[in-house]
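Structural characterization, general
One-letter residues, chain by chain:
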Amino acid sequence: MGTETSTAYQLEPVQFSRLTRRGILLGLSLPQLIALSIAVLTNVVSLYTAGAAGIAWTSPIWATAAALAAIPIGGRKVVEWVPIVSRWLWRAAHGQLTYRRRIVKPRPAGTLALPGDAAPLREWNDPESGAVMIHDPHTQTLTAIVTVSHPAFALLDPGEQHRRVTLWGRALAGACRSGRIARLQVTERTLPDSGTGLAEWWQRHGIEDDSWASSTYRDLIQRAGPAGERHATTISLSLDLKAAARQVRTSGGGMRGAATVLRQEMAALTGALRAADLIVGGWLTADELASILRTAYDPAVGVELDRHPEVGRSLDAAGPVAVAESWDRLRSDSAFHAVLWISEWPRSQVYPGFLSPLVFTNGVLRTVSLHYLPVRADQAARDLRKKKTELISDAHQRRRIGQIEDAGSSAEYEDVLQQEADLTAGHGVLRTTGLVCVTAPTVDDLDAAVSTIEQAAIQASCEIRRLVGQQAQAFTAAALPLCRSV
C-alpha cells in the first residue's frame, strides 16, 4: 500500500518547447537573406562585367554584407540589430526618450496619464461589476484586472500540487476555447511592506500595559514591519474586440456592449480560478489600479500610500512625473528599472514550482510577468501543420546540399509532434512570454539586483537576457498589469 500511495502522489515533470529559431530558408532570417543576396548579386555582376578584378574592387561591398549576415553580437546577427538601432536613433532624434508631465495642461478626461505607447489608453468604469476596464483604441482590446492569492505552493504535498497545476491548466485552456481572449497576464510583484498589517494585528491582539515586554514588542513591530517585503499577484484579462465584434453588437454595441461581453469572460475566469483553489480578491477598481500604477513608477511612495489609503487614488494622475529611457535601463521618478526577458525556458524536464528561485529572491524589488497568448484550436492546428511542413522541407533541403542534421532541428520537430498530440487530446495552445522588471533606487543597486536575478534564473534552469533599445515599451509590459506587448 505504501508503494501505491507514493506512486499516486508522485509529481509529474513537464518539459517546455524550445524557442523557434528557424528562419525562412536554411535557418536564415529575412535580414540575413537580404544581406547575403546583396553579397552574391554583387559578386555575380562584378564577375560578368570586370572579371576577377571586379570582384576585388567590389570586395568592400560583398564582404561587408556577408559579415553583417554572419557575425553575431549579443545573440543576434549584426544585420538584425539594424532595425533596433535605427528605431532607437530615430526616437532619440525626435526627443521620444524622455517624458515630462505637463502639469499646467490637463489631459483629456478618461485617459490614463501614462507615457509612450500607453498614452492612448482610456478607462471605463463598469457600473455592473464596479471594476475599471482599460480600453486600447489602437489594438482594440478591453482589459480587466483581478487580484488573487494562494497558499504557499512549495509547502503543499505532491498530490495537491499536481491537482492545482492541472486545474490551472484547465483555466488556461478555457481561454483558448472562447476565441475572444487576446491575452492573459499573470503579474507577481514584490512591494516594500509598510508594516500596517503587523500594526493592525498588534492593535487587535496586543496588550498595552506599559510593561517591558509590551514596549519591546511594540518597538520591534515598528522597526521590523517597514523592513520587510510582501507579494501581490494579479491576473489581467484582455478581450479582443475584433474577435468579439458580433457579441458586442448583440449586447448593445459600444463600450457598454464590450463591457457586457468582458463580464462574461470575467465570470468564467473567476469560476476557473476558484476551481483551482485560488482566492479571488476581486476585480480592481479605478482607485486600486491607480495605486498599482503609481507605485510601479514611484516605488518610494508605496509605503506612504499604504499607510494613507485615502491619498494617491486618482487614476488620471497615477502616471509618472518624469521618465528617461536609456539603452538598457529606464528611470522614472524615484527609481531605476531594467527589464529582462526569459529567452529560454528549461530544456530538460522540470517540476512545477521551478520558478521559485526567481519568484522568492529576497532583497530585490522585482515584478515577474507571464504573458499568455491563447491560440484557437483551428488556428493552432493550421500553424502546427505549416510548421511541420516547413521543418520537413528544411531537413530535405539540408540533405540535398549535404548539410549535417543537428540535434536542435530534431528536437524542434519532436516539440511540434508533441504539441500536435496535446492539441488532439483537447489541450489548448498558448504562446508564453516571460518578463522580469527589476527596480532599484540607484544605478549601482540596479546592476547588483540584475546580477542577483540572473543567478536566480540560472537556478531555475532558465536563460534570461536584458532587453536593449526598448526598455520603455518593455516596462509597460512587465511592470504594469495592462496586457501590453513588446
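Preceding block: the structure.
Attention here is on the structure that accompanies the text. In this text the structure is predicted, and so the values were computed from the model without any measurement.

Re the packing of helix H2 (residues 30-57) against helix H3 (residues 59-70)
Angle between the axes and distance between the axes: these two values describe a pair of packed helices. Running from amino to carboxyl end, H2 crosses H3 at an angle of 155 degrees, the nearest separation of the two axes being 8 Å. Considering the angle they form, H2 stands roughly antiparallel to H3. When you trace H2 past H3, the crossing you get is left-handed. Contacts between H2 and H3 involve Gln 32, Ala 35, Leu 36, Ile 38, Ala 39, Thr 42, Asn 43, Ile 55, Ala 56 and Trp 57 on the former and, on the latter, Ser 59, Pro 60, Ile 61, Trp 62, Ala 65, Ala 66 and Ala 69. Each residue belonging to the contact of H2 with H3 can be placed in one class, and the counts come to 13 nonpolar, four polar and no charged.

Focus: helix H15 (residues 443-459)
When the terminal C-alpha atoms of H15 are compared, their 25 Å separation across 17 residues agrees well with the 24 Å that a helix rising 1.5 Å per residue should span. Three or more residues of H15 are buried, namely Leu 446, Ala 449, Val 450, Ile 453, Ala 456 and Ala 457. Down the axis of H15, the smallest arc covering the buried residues is 120 degrees, so these residues share one side. Relative to its buried face, H15 has exposed residues pointing more than 90 degrees away, namely Asp 444, Ile 458 and Gln 459. Buried residues in H15 make contact with strand S12 (335-344), helix H12 (356-359), strand S13 (365-375), strand S14 (429-440) and strand S15 (463-466). With its phi angle positive at about 65 degrees, Ser 461 sits one or two positions after the end of H15.

Comments concerning the pattern of salt bridges
Charged atoms that come close allow side chains of opposite charge to pair. Tallied over the entire structure, the rule returns 12 salt bridges. The salt bridge involving Asp 383 is made with Arg 431; its shortest N-O contact spans 3.0 Å. Taken as a pair, Asp 383 in helix H13 (residues 377-401) and Arg 431 in strand S14 lie far apart in primary sequence, 48 residues in all. On the basis of relative accessibility, which here comes to 29%, the residue Asp 383 falls in the partly exposed class. Between Arg 466 and Asp 447 there is a salt bridge; the shortest N-O distance is 3.8 Å. One end of the pair, Arg 466, is in strand S15; the other, Asp 447, is in helix H15, and 19 residues separate them in sequence. With a relative accessible area of 24%, Arg 466 lands in the partly exposed category. On the basis of relative accessible area, Asp 447 is assigned to the partly exposed category, the value being 35%. Three or more residues joined by partner-sharing salt bridges are found here, namely Glu 160, Arg 163, Arg 164 and Asp 277.

Details of unusual backbone geometry
Phi angles above zero are rare outside glycine, and Gln 140 is one such case at about 55 degrees. Its location among the elements puts Gln 140 in the loop between strand S5 (132-136) and strand S6 (141-149). Since its relative accessible area comes to 26%, Gln 140 is described here as partly exposed. The backbone of Asp 277 shows a phi angle near 60 degrees, a positive value even though the residue is not glycine. Inspection of the secondary structure puts Asp 277 in the loop between helix H9 (254-275) and strand S9 (279-283).

Conventions used here
- Residues numbered from 1 in each chain as written.
- Predicted model: local features only at pLDDT ≥ 70, side-chain atom pairs only at ≥ 80, totals over all residues.
- Heavy atoms only, no water.
- Axes fitted to C-alpha atoms, helices over the stretch in contact; angles between N-to-C directions.
- Helix = DSSP H or I, 4+ residues; strand = E, 2+ residues; numbered from the N terminus.
- Parallel < 35°, antiparallel > 145°, perpendicular 65-115°, else oblique.
- Left-handed = near helix turned anticlockwise from the far one by under 90°.
- Contact = heavy atoms within 4.5 Å.
- Nonpolar A, V, L, I, M, F, W, Y, C, P; charged D, E, K, R; others polar.
- Expected span 1.5 Å × (residues − 1).
- Buried < 20%, exposed > 50% of the residue type's maximum accessible area, 1.4 Å probe, protein only.
- Arc of directions from axis to C-beta.
- Salt bridge = Lys/Arg side-chain N within 4 Å of Asp/Glu carboxyl O.

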